[in-house]
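Architecture at a glance
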Amino acid sequence: MTLTNLWKHASKESPALSESDHRSKSRQWFRIGEWMLVALLAANLGTRILPRAWYTLNTDFPNYYLTARLLSEHYDTSRVFEWVWLQRQKDHRDIAQRTVGMVPITPFSTLAVYPLASMPALAAKRCWLILNLGLLFATLSLLHALTYLPWRRISLVFTLSLPLTINFAFGQYYVLLLFLLTLSCWLDVRQRRFLAGIVVGIAAGLKIFPVLYLLYFLRKGNGRAFAGGVAGSLCTAIVSVLAFGWELNRTYLVQVLPSVLRGEGLDPYNLQLSSLGSLLHRLFVYEPQLNQHPAMNAPWLFAVLHPLLQMMIMAPSLLLAVPNESRPSQIRLEWAAITLASLAISTSPASYLFTLLILPISLILGSLQGKKSALWVAIILPLYAAAGFVRGIDEGRDGWFALLRVPRLYMLVLLCVFAYALLFRERQREVEWSVNRAWAVALSLLLAIGIVLNLRHQKGLYADYQWRIPLPKPVLMAANPAIQEDSVLFIALLSDGYHLAVDRLGTVQFSDINRDDYLTMTTANGERWIEQTGHETTIVSSAKWSEGIRQAESPVASFDGRWLAFLRENHGRAGIWVRDLSHPVEADRPVTPPELNVLEMSFLPNGELVFSGASEGPPGLFTTDQAGKIQSLGMTDARYPSVSPDGRWLAYSELDGGNWNLRLRDMKNGQTHKFTQAACNSIEPSWSSDSQSLIYASDCGRGLCLTALCRRRIFH
C-alpha cells in the first residue's frame with residue numbers, strides 16, 4: 001500500500017475512532033456524574049436526616065413503641081385504638097411526642113419493635129434506625145441480584161427517594177416492608193413460590209395492601225404462592241391474637257379496617273395525602289366543619305367513583321399478567337405493575353409509604369437496560385423523584401380546584417400507565433380470551449360489590465349534621481361533652497395536645513396547654529373535676545379548696561354533687577373508686593372487683609352506679625351500689641352509659657355491625673329504643689339538666705373516632 005493510500009485509509013478511520021472515543025469518554029463522565037449525585041444525596045441522608053432522627057421522636061414510631069411496650073409490661077391492650085386511652089399511657093411514660101394514635105396501624109406491625117420495648121423510647125428508636133440501615137443494604141443487594149443494574153444505578157434510585165429520608169426521620173417501618181416485598185419478588189423470580197407467598201403474608205400483617213398480591217398469584221395460576229400467602233397471613237393473624245388478645249384484633253377487623261379501606265381512618269378530606277379517596281371526599285361529600293364547600297354535595301358519586309376508579313387503576317396490572325409465564329423479565333415487570341397500582345389506590349398514602357416506589361422503579365429500570373430506551377428512562381426517573389417529593393395541598397380555593405391540588409396522585413397514575421405499556425410490549429404470547437373474560441367478569445363483580453357496600457354505608461351517615469354544634473376547624477376531635485349552665489364543655493384534641501374547651505353561646509375557648517393533657521372531665525353544682533395527665537394522672541377541681549386526687553382518672557360526679565366516682569388503673573385494667581365529697585376526710589372506697597375492667601360509668605339519682613365493664617370478652621353494662629353489690633343489666637357489646645338526671649332514662653352505645661350507635665333504655669320497664677342507626681360511631685352521651693336533651697360525640701362523615709358534637713332533643 002502506497003503512502004497515499006495509507007493516508008486515505010487513515011483519514012477514513014480516524015473519525016470513527018474519534019467518535020468511539022468520544023462516546024466512551026461521555027459514558028465515563030456520565031458514570032462519574034451518577035456517583036457524584038449518589039454521594040451528594042447519601043451525604044444529605046448521613047449528615048442531616050440521620051443525626052436529626054437520632055435525637056428526636058416523632059410521628060408513628062412512638063405509636064409502635066408504646067403499644068409494644070404495653071405488651072411487654074403485660075398490660076391489657078384491648079383499648080389501644082382509643083385515642084384518649086393511648087394518650088394517657090403515653091403521658092405516664094414521659095414519651096416526648098405531643099400526641100399518639102394507633103389508627104390505622106395494624107396490631108401485628110407493632111411487634112416489629114417488641115424486642116426494643118424494654119429500652120427508653122429514644123434508645124429504642126436509635127436501635128431501630130441501625131436495624132433499618134442493615135435492611136436497606138440487604139434490600140439494595142437483593143435488587144442488584146434481581147435487576148442486574150450497576151451498583152451506582154441501584155444506589156441512585158435509593159438516594160433519589162425523599163420518602164426514604166422521611167422514613168428514617170420518623171422511624172417508620174417501610175424499609176422493613178420494602179425488604180419483605182423485595183425478598184418475595186426475588187423468591188418468586190427464582191420459582192420458590194411457596195416461600196414468596198409466606199413473605200407476602202407477613203408483609204400483609206404490617207400493611208394490609210400486600211393482600212392484593214394474592215390476587216396476582218391467582219391470576220398467574222400460581223397455587224403454591226397463593227397457598228403460601230394465605231398461610232403467611234393466617235400466621236400473622238394468629239400471632240397477633242396470641243399477643244394482643246381477641247378483643248383488640250376484633251376492633252381492628254370490624255371497626256378500623258373497614259374505615260381505612262374507605263379512606264376514613266383519619267381526616268378523609270385532607271388533600272395533603274393526595275389520595276383518590278381524599279380527592280373524591282373533598283369534591284363530593286359535605287361536612288360542616290372539615291369540608292364546607294365541596295364542588296358538589298353528592299356523596300353517592302363518591303360511593304360509585306371511588307371503587308370504580310380504584311378498579312380502573314388496578315385491573316390492568318392483573319389482566320396484563322400472563323398466566324403460567326415464568327420468564328424473569330415478565331415476572332419483574334408484573335411485580336412492578338402490581339406494586340405501583342397498589343400505591344396509587346392506597347387510602348392512607350402518607351409520604352413515607354412511597355419508600356416502596358424503590359422496588360417497582362428498580363425493576364422497571366432493570367427491564368430497560370440494554371435496550372434503546374433513553375427516552376423511557378428520561379421520563380420515569382423525573383416522575384419517580386417528583387412523586388416522592390411533592391404532596392397534596394390542603395389550603396386554597398374550594399370546589400373543583402381540589403383537582404389541581406393532588407399532583408402526586410396523577411404522577412402515580414402516570415407511572416402505572418408507563419408500567420402497563422412496558423408489560424404490553426413485553427408479552428410474547430396472548431392470553432386465551434376465555435381466561436381474560438373470566439377475570440374481567442370476576443373483577444366487575446368485585447366492583448359491583450364495592451359500590452353496593454359503599455351506598456349501603458352511606459344510609460343515614462349524614463343525618464346528624466342537622467344537630468351538629470359548630471366547632472372551629474383546628475379542633476381535630478371533640479369528646480367527653482358535658483353541660484354546665486349555658487355552656488357546653490368538652491375535651492378538644494388540637495395539634496398541640498388535649499385541651500379543656502368551653503363553648504359559651506357559640507364562642508369556644510381553650511385551656512392553655514402545658515406539659516400535661518386534659519383528657520376527661522365532669523361537672524355538678526357549678527363545679528368541674530378535670531383529669532390532668534402527665535407522668536401521673538390527677539383529678540383536679542375548679543373549687544380552690546379542693547385538693548387533687550392522685551392516680552385517678554375519668555371522674556364522674558353525682559347529680560347532687562355529693563359523690564365523685566373515678567377509675568384507678570392497674571396494668572391497663574381499671575376499677576371504680578368512690579369519694580364522698582360531703583365528708584372529704586373519709587377514705588376513697590373501691591366498689592368493683594379486680595377481675596372487672598371498668599371502661600365508663602354514670603350515677604343513678606340514689607347514688608348507685610351504672611358502668612360498662614369487661615372481664616375477658618366484650619364489654620357489658622352493670623350496676624353497683626356503694627357497698628359493691630354488682631348486677632348485670634344483661635347487655636353485651638354496650639358502653640358509654642349515661643343516666644338522665646331524673647333517673648328515668650339510660651342512654652348508652654351498642655356495637656351494631658361494627659359501629660357504636662346510641663340506645664335509650666327506659667329504667668322503669670326495661671324497654672330499649674334505637675336512637676341512632678348509621679354506619680358510624682355515636683358515643684359518650686351526656687344529658688341536659690332537664691333530662692330532655694342529649695349531647696353526644698359523633699364521627700359520622702369524619703375520620704374514625706375523630707368525633708364532633710351533636711345536641712339533640714329527645715322529648716318534645
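Presented here is an overview of the structure given in this document. The model shown is predicted, which means the values in this text are computed figures rather than measured ones. (Residues numbered from 1 in each chain as written. Predicted model: local features only at pLDDT ≥ 70, side-chain atom pairs only at ≥ 80, totals over all residues. Heavy atoms only, no water.)

**A closer look at the nonpolar core**
Note the threshold: Buried Ala, Val, Leu, Ile, Met, Phe, Trp, Tyr and Cys residues form a nonpolar core when they are joined through side-chain atoms within 4.5 Å. For each residue, the accessible area found with a 1.4 Å probe, counting protein chains only, is set against the maximum for its type, and the residue is called buried under 20%, exposed over 50%, and partly exposed in between. For this analysis, residues touch if any pair of their heavy atoms sits within 4.5 Å.
Counting residues in hydrophobic clusters, the biggest one holds 140 residues, and the most contacted among them are Phe158, Phe168, Leu177, Trp335, Leu356, Leu357 and Ile364. Each residue touching Leu177, except ones within four places of it in the same chain, is listed here: Ala203, Leu206, Lys207, Phe209, Pro210 and Leu356. Ala478, Val488, Ile683 and Ile695 belong to the second largest nonpolar core, which has 18 residues in total.

**With respect to the state of the cysteines**
Which entries qualify depends on this criterion: Disulfide assignment relies on a single distance test, namely cysteine sulfur atoms paired within 2.5 Å. Under the DSSP-based scheme used, a helix requires at least four consecutive residues in state H or I and a strand at least two consecutive residues in state E, with every element numbered from the N terminus.
Within this structure, the stated rule accounts for one disulfide. With its sulfur 1.9 Å from that of its partner, Cys680 forms a disulfide with Cys700. The disulfide joining Cys680 to Cys700 has a torsion of about 65° about its S-S bond and is therefore right-handed. Pair noted here: Cys680 is in the loop between β20 (672–674) and β21 (682–687) and Cys700 is in the loop between β22 (693–698) and β23 (708–713), with a separation of 20 residues, a long-range link. Neither residue differs from the other here; Cys680 and Cys700 are each classed as buried.

**Here's the deal with the sheet that holds strand β14 (residues 609–614)**
For the record, the criterion: Here a strand pair is declared whenever DSSP counts at least two bridges between the two strands. Lines fitted to C-alpha atoms define the axes here, with helix axes fitted over just the stretch in contact, and angles between the N-to-C directions of these axes take values from 0 to 180 degrees.
Spatially, four strands are ordered β13-β14-β15-β16 in an open sheet, and the strand pairing comes out antiparallel. At either margin of the open sheet sits one strand with a lone partner, and together these are β13 (597–603) and β16 (630–636). Recorded for the sheet is a direction-independent mean angle of 25° between the axes of neighbouring strands. In this sheet, β16 lies alongside strand β15 (residues 620–624) in antiparallel orientation, the contact comprising four bridges. Considered in β16, the bridge of Thr623 is made with Gln631.

**Topic: the sheet that holds strand β11 (residues 573–580)**
Pairing within the open sheet is antiparallel, and its four strands lie in the order β9-β10-β11-β12. Looking along the sheet, the strands with just one partner apiece sit at the ends: β9 (553–557) and β12 (589–590). Bridge analysis of β11 against β12 gives two bridges, and the strand direction is antiparallel. Paired with Trp577 across the strands is Pro590, a residue of β12.

**Some remarks on the pattern of salt bridges**
Keep this limit in mind: Put simply, a salt bridge is a Lys or Arg side-chain nitrogen that is within 4 Å of an Asp or Glu carboxyl oxygen.
One pass over the structure, following the stated rule, counts 27 salt bridges. Through salt bridges with shared partners, a single network forms among Arg79, Glu82, Glu600 and Arg639.

**A few points about the packing of helix α4 (residues 121–147) against helix α15 (residues 358–368)**
Packed helix pairs are specified by the crossing angle of their axes together with the interaxial distance, meaning the distance between the axes. Basically, it comes down to this: For classification purposes, an angle smaller than 35 degrees is called roughly parallel, one larger than 145 roughly antiparallel, one from 65 to 115 roughly perpendicular, and anything else oblique. Here a crossing is called left-handed whenever its near helix is offset anticlockwise from the far helix by less than a right angle, and right-handed whenever the offset is clockwise. In this classification, the charged set is Asp, Glu, Lys and Arg, the nonpolar set is Ala, Val, Leu, Ile, Met, Phe, Trp, Tyr, Cys and Pro, and all remaining amino acids, among them Gly, are polar.
The contact between α4 and α15 brings their axes to 9 Å, and the two run at 30°. Of the possible angle classes, the one that applies to α4 and α15 is roughly parallel. As for the relative orientation of α4 and α15, their crossing is right-handed in sense. Only Ile358, Leu359, Ser362, Leu363 and Gly366 of α15 make contact with α4, whose side of the interface consists of Leu143, Leu146 and Thr147. Residues belonging to the contact of α4 with α15 are distributed by class as follows: five nonpolar, three polar and no charged.

**Describing the packing of aromatic side chains**
Each aromatic ring pair is described using two quantities: the centre-to-centre distance and the angle formed by the ring planes. Our working definition: Centres within 6.5 Å are what make two rings of Phe, Tyr or Trp a pair, Trp counting through its six-membered ring; a difference in plane orientation under 30 degrees is then read as stacked, over 60 as edge-to-face, and the rest as tilted. We count a charge as sitting over a ring when the NZ of a lysine or the CZ of an arginine lies within 6 Å of the ring centre and within 35 degrees of the ring normal.
As enumerated under the stated definition, the model contains 16 aromatic pairs in all. Relative to Phe622, the ring of Phe611 has its centre 5.4 Å away and its plane inclined at 20°; by these criteria the two rings are stacked. On the criterion of sequence distance, the pair formed by Phe611 in strand β14 and Phe622 in strand β15 is long-range, its members being 11 residues apart. Each member of the pair Phe611 and Phe622 is classed as buried. These aromatic residues form a ring-pair network of at least three members: Tyr64, Phe170, Tyr173, Tyr174 and Tyr352. Across the ring face of Tyr75, the terminal group of Arg93 is positioned such that the distance to the ring centre comes to 4.8 Å. Positioned above the aromatic ring of Phe675 is the side chain of Arg712, whose terminal nitrogen or guanidinium carbon lies 4.2 Å from the ring centre.

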